[in-house]
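Next come the chains, spelled out residue by residue.
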Amino acid sequence: MLELRLVQGSLLKKVLESIKDLVNDANFDCSATGFSLQAMDSSHVALVALLLRSEGFEHYRCDRNISMGMNLGNMSKMLKCAGNDDIITIKADDGSDTVTFMFESPNQDKIADFEMKLMDIDSEHLGIPEAEYQAIVRMPSAEFARICKDLSSIGDTVVISVTKEGVKFSTQGDIGTANIVCRQNTTVDKPEEATVIEMQQPVSLTFALRYMNSFTKATPLSNTVTISLSTELPVVVEYKIAEMGYIRFYLAPKIEEDDEETKPQV
Amino acid sequence: MLELRLVQGSLLKKVLESIKDLVNDANFDCSATGFSLQAMDSSHVALVALLLRSEGFEHYRCDRNISMGMNLGNMSKMLKCAGNDDIITIKADDGSDTVTFMFESPNQDKIADFEMKLMDIDSEHLGIPEAEYQAIVRMPSAEFARICKDLSSIGDTVVISVTKEGVKFSTQGDIGTANIVCRQNTTVDKPEEATVIEMQQPVSLTFALRYMNSFTKATPLSNTVTISLSTELPVVVEYKIAEMGYIRFYLAPKIEEDDEETKPQV
Amino acid sequence: MLELRLVQGSLLKKVLESIKDLVNDANFDCSATGFSLQAMDSSHVALVALLLRSEGFEHYRCDRNISMGMNLGNMSKMLKCAGNDDIITIKADDGSDTVTFMFESPNQDKIADFEMKLMDIDSEHLGIPEAEYQAIVRMPSAEFARICKDLSSIGDTVVISVTKEGVKFSTQGDIGTANIVCRQNTTVDKPEEATVIEMQQPVSLTFALRYMNSFTKATPLSNTVTISLSTELPVVVEYKIAEMGYIRFYLAPKIEEDDEETKPQV
């Protein structure tokens, strides 16, 4: 039997909003450790990994490891019926082919239960090795979302270049070119407004803006985003989820025809 | 001659917004008692009845009973041109084939008059007998609107079941099932937030969600909605209009193939 | 070399939003006096004239007169990437076929530069003679925008009639007629809420509402609008731009078949 009670139910709503357009169907894996998901996007280019640790739930009962295949569009439809202040409980009986989402209003006057059919989904769990990154940028998530959206109006790809001084986002398209530089800045009033760069060596990588824009749908989950870059590895775009986990997006860089383009430069 | 001056003109704007999608053309009946309308929706399934009592108008002159046929879409276009704080006066000369809506801004700096052509509409006025209902539910109108909208994302019909403890709204569709229970609750800070159930006997009836959603367009007219249910009768969904009348929607329940389904159950 | 630094960058964003739907491509003319534009709309019916005087810029360097052809849609895409509090600098090197827009965030943490290709645009600069107008109406710009929008739901043209008492906006269409009268009113709390009429003689002219509605996209630039009318001349709809210039729209009146219609009357 599975019963997971999440007081801050809006977190689960936001998680679904941030991945439902990227991934159609996925297995949610439940174990003593937590509630997690790993899935490729429908065109098998990007990978999303979610973890909600068991400690983050008010009540967490998971008698045995279970993998539940869900259509994220349908799951999102149901979670949208939860109020933003509702407590959400995820329930499943052993061997059942359904999962139940229960929504309780704060004053307990309104109780809703939504039952959804589970799916059989073939998926292989990829091991994601811990890695050292050449550069890690932490910046306000809204700023990163704004930059990706702005650059999309000019071009299709973004070159992210990191030096000690800052991070540069560049694009070019038919109507011209754009460069946006965010300087390292740690002397801010609120820590979540800082732009912090940890750099082993300068790095410059090119990515499809379409995916970056999709990742930024997780912006409501966290005030900050962490972007980890290495020439040999997929970029990791990570949003922390209020002391209980994270959502991470992985995307391989584009290989440029022109070798010049891939040299680090800000 | 007809001249009806309504200081709270926004009420008339809201009335039109709540019925214009349900009814295309309708006769407005004006008598010494008040300004009223009774009309079937365009597919002849639902009935809407509106009453604005003469006492609710600042000035109410209606020399003889008159029935004015109006296209509600066009009338809505004109009323949308009134400001929310405007005083609205409805005027018609005897025997005229037009009606005039006059809008006065609060400071009298802006005066608009919109003249609309009247239509000849055949309609029979149905007598709606007073009835005893098995169950009457009064609840916050925004809550009812939210429930109808939420259930529409899962299924096409709603089963409304009333017991002493509460009212349950249920639906089912391809992706699963949903049940939302609102408990009777009279100990609230504001009376309009209460959910109050008057029940002679338990009742459970099925309705098309498409119509329920249409009725909830009247939500801005009132903080509360009253739902009156009996197995033998159309449901009445009533929104009171600020001490001057009401708008009532009538809809016949769906007859289930399976007899089990129509038995009262919560 | 050209370098124009505008601290209140949002003004330039608003200017583009107000003309980009009316004009596709246009030459911006830069001289010691200021940054200006004059262009016909794409159907050669309306004329727009913009002036941003050099004194309004924090820094204004224009070594020689230059005319830069820009696609306003693309320019708007780039300016939308500037934050509302950003400082905008327009830069161009002599003989270059590109222009650069630089956006600096208020705290200087984020610097963006957008480079856009220039175009060769044939255009003749029309001399617009100073004229005496029979009537000049100054009124709140939001009120004028609301009236144009409201009348568009009824008809295609607006008759603007001015007398000493006020200004009347009228239209008619298939569903009826509408008249909106704004009275002269100078005894208001805030000067920008006044409706002021300077009249040499009564005037009544007819205009296409489609263009009037397009002009009102400049509403965010100014709290007031000035409408200058004469029977022999195009109307001028002017929005002042915060102590540094203006945007003016010119539109020829429609000639009515029926002579009666063009007589001044309120």
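Residues numbered from 1 in each chain as written. Chains lettered and ligands numbered in written order. Predicted model: local features only at pLDDT ≥ 70, side-chain atom pairs only at ≥ 80, totals over all residues. Heavy atoms only, no water.

The next subject is the overall build of chain A. When helices and strands are counted, chain A shows four helices and 18 strands. With the C-alpha coordinates of chain A rotated into their principal frame, the extents come out at 55 × 45 × 35 Å. By the burial criterion, 55% of the 266 residues in chain A qualify as buried. Restricting the contact set of chain A to residue pairs at least 6 apart, pairs at least 24 apart contribute 64%. When the accessible surface of chain A is summed, it comes to about 12,300 Å², and 45% of that surface belongs to carbon and sulfur atoms. (Helix = DSSP H or I, 4+ residues; strand = E, 2+ residues; numbered from the N terminus. Buried < 20%, exposed > 50% of the residue type's maximum accessible area, 1.4 Å probe, protein only. Contact = heavy atoms within 4.5 Å. Areas by Shrake-Rupley, 256 points an atom, 1.4 Å probe, with all protein chains shown as cover.)

Here we come to the UniProt feature "domain: Proliferating cell nuclear antigen PCNA N-terminal" (unreviewed entry) in chain A. Per the UniProt record, "domain: Proliferating cell nuclear antigen PCNA N-terminal" (unreviewed entry) is found at residues 1-125 of chain A. Secondary structure over residues 1-125 of chain A splits into 14% helix and 46% strand, and the C-alpha atoms at its two ends are 23 Å apart. (UniProt positions renumbered as here; feature names shortened; annotations may be inferred.)

Take the confidence of the model for chain A next. Residues and elements named next belong to chain A. Counting all residues, the mean pLDDT for chain A is 93, and 96% of those residues have values of 70 or more. For the stretch residues 259-266, pLDDT sits under 50, and the model shows 16 contacts to residues farther than four places along the chain or on other chains. We note a pTM of 0.92 for the whole complex and an ipTM of 0.90 for its interfaces. (pLDDT = per-residue confidence, 0-100.)

With that settled, the discussion passes to the packing of aromatic side chains. For the structure shown, the criterion picks out 18 aromatic pairs over all chains. Between Y239 of chain A and F249 of chain A the ring centres are 6.4 Å apart and the planes differ by 80°, which places this aromatic pair in the edge-to-face class. One end of the pair, Y239 of chain A, is in strand β17 (residues 235-241); the other, F249 of chain A, is in strand β18 (residues 245-251), and 10 residues separate them in sequence. By relative accessible area, which is 0% here, F249 of chain A ends up buried. Above the plane of the ring of Y211 of chain C lies R210 of chain C, whose end atom (NZ or CZ) is 4.8 Å from the centre. (Phe/Tyr/Trp six-rings, centres within 6.5 Å; stacked < 30°, edge-to-face > 60°. Lys NZ or Arg CZ within 6 Å of the ring centre and 35° of its normal.)

The next point concerns the UniProt feature "domain: Proliferating cell nuclear antigen PCNA C-terminal" (unreviewed entry) in chain A. The feature "domain: Proliferating cell nuclear antigen PCNA C-terminal" (unreviewed entry), as annotated in UniProt, sits at residues 127-254 of chain A in this numbering. A helix fraction of 15% and a strand fraction of 45% characterise residues 127-254 of chain A, whose end C-alpha atoms lie 22 Å from each other.

What follows covers unusual backbone geometry. Residues and elements named next belong to chain B. Phi is positive for Q108, close to 65°, though the residue is something other than glycine. Structurally, the position occupied by Q108 is in the loop between β8 (98-104) and β9 (110-117). Judged by relative accessible area, which is 27%, Q108 ranks as partly exposed. Unlike most non-glycine residues, E243 shows phi in positive territory, near 60°. Considering the arrangement of structural elements, one finds E243 in the loop between β17 (235-241) and β18 (245-251). Judged by relative accessible area, E243 falls into the exposed class, the value being 82%.

Before going further, it helps to spend a moment on the interface of chain B and chain A. Interfaces are frequently sized by the accessible area removed from exposure as the parts join. Taken together, the contact between chain B and chain A spans 18 residues of the former and 17 residues of the latter. Both sides of the chain B and chain A interface together cover about 1,500 Å² of buried area, and 46% of this is carbon and sulfur. Our count for the chain B to chain A interface comes out at one salt bridge. When the shortest N-O distance is used, the salt bridge between K110 of chain A and E143 of chain B registers 2.8 Å. Applying the counting rule to chain B against chain A returns 11 residue pairs in polar contact (both at pLDDT 80 or more). Looking at the side of chain B that touches chain A, the elements that each hand over two or more residues are α3 (141-152) and β13 (176-183) of chain B. Of the residues in the side of chain B that touches chain A, the class split is seven nonpolar, six polar and five charged. Across seven bridges, the pairing between strand β9 (residues 110-117) of chain A and β13 of chain B is antiparallel. (Buried area = accessible area lost by both parts, 1.4 Å probe. Salt bridge = Lys/Arg side-chain N within 4 Å of Asp/Glu carboxyl O. Polar contact = N/O pair within 3.5 Å; in protein donor to acceptor, adjacent residues only side chain to side chain. Nonpolar A, V, L, I, M, F, W, Y, C, P; charged D, E, K, R; others polar. Pairing = 2+ DSSP bridges.)

Quick look at the relation of the copies chain B and chain C now. Laying chain B over chain C is done by rotating through 120° and shifting 0.1 Å along the axis; what remains is an RMSD of 0.0 Å. On this basis, the relationship between the two copies can be described by a three-fold rotation axis. Minimal C-alpha separation from the rotation axis in chain B is found for P220 of chain B, amounting to 17 Å. (Least-squares fit on C-alpha atoms with pLDDT ≥ 70 in both.)

So, on to the pattern of salt bridges. Within this structure, the stated rule accounts for 33 salt bridges over all chains. Each of E17, K20, D21 and K217 of chain A takes part in a single network of salt bridges with overlapping partners.

Moving on to the sheet that holds strand β1 (residues 2-6) of chain A. Sheet strands pair via backbone hydrogen bonds, and the direction of the pair is either parallel or antiparallel. In spatial order, the strands read β5(A)-β1(A)-β7(A)-β8(A)-β9(A)-β13(B)-β12(B)-β11(B)-β15(B); together these nine strands make up an open sheet with antiparallel pairing. At either margin of the open sheet sits one strand with a lone partner, and together these are β5 (59-62) of chain A together with β15 (203-208) of chain B. Here the average twist between neighbouring strands, direction ignored, is 15°. Pairing geometry for strand β11 (residues 157-162) of chain B and strand β12 (residues 166-173) of chain B, over four bridges, is antiparallel. The residue of β12 of chain B that forms the bridge with V162 of chain B is V167 of chain B. (Axes fitted to C-alpha atoms, helices over the stretch in contact; angles between N-to-C directions.)

Okay, the interface of chain B and chain C next. Listed as interface residues are 17 residues of chain B and, on the opposing side, 18 residues of chain C. Summing the contributions of chain B and of chain C, the shared interface buries around 1,500 Å²; its carbon and sulfur component is 46%. Here chain B and chain C share one salt bridge between them. Across the chain B-chain C interface, the total number found is 11 residue pairs in polar contact (both at pLDDT 80 or more). Looking at the side of chain B that touches chain C, the elements that each hand over two or more residues are α2 (72-79) and β9 of chain B. It is β9 of chain B that provides the largest number of residues to the side of chain B that touches chain C, a total of eight residues. Within the side of chain B that touches chain C, the residues separate by chemical class into seven nonpolar, three polar and seven charged.

The next subject is the pairing of β13 of chain B. Residues and elements named next belong to chain B. As defined by bridge partners, β12 adjoins β13 across eight bridges and the pair is classed as antiparallel. Among the inter-strand pairings, K168 is bridged to a residue of β13, identified as V181. Hairpin connection between β12 and β13: a loop of two residues separates the two successive antiparallel strands.

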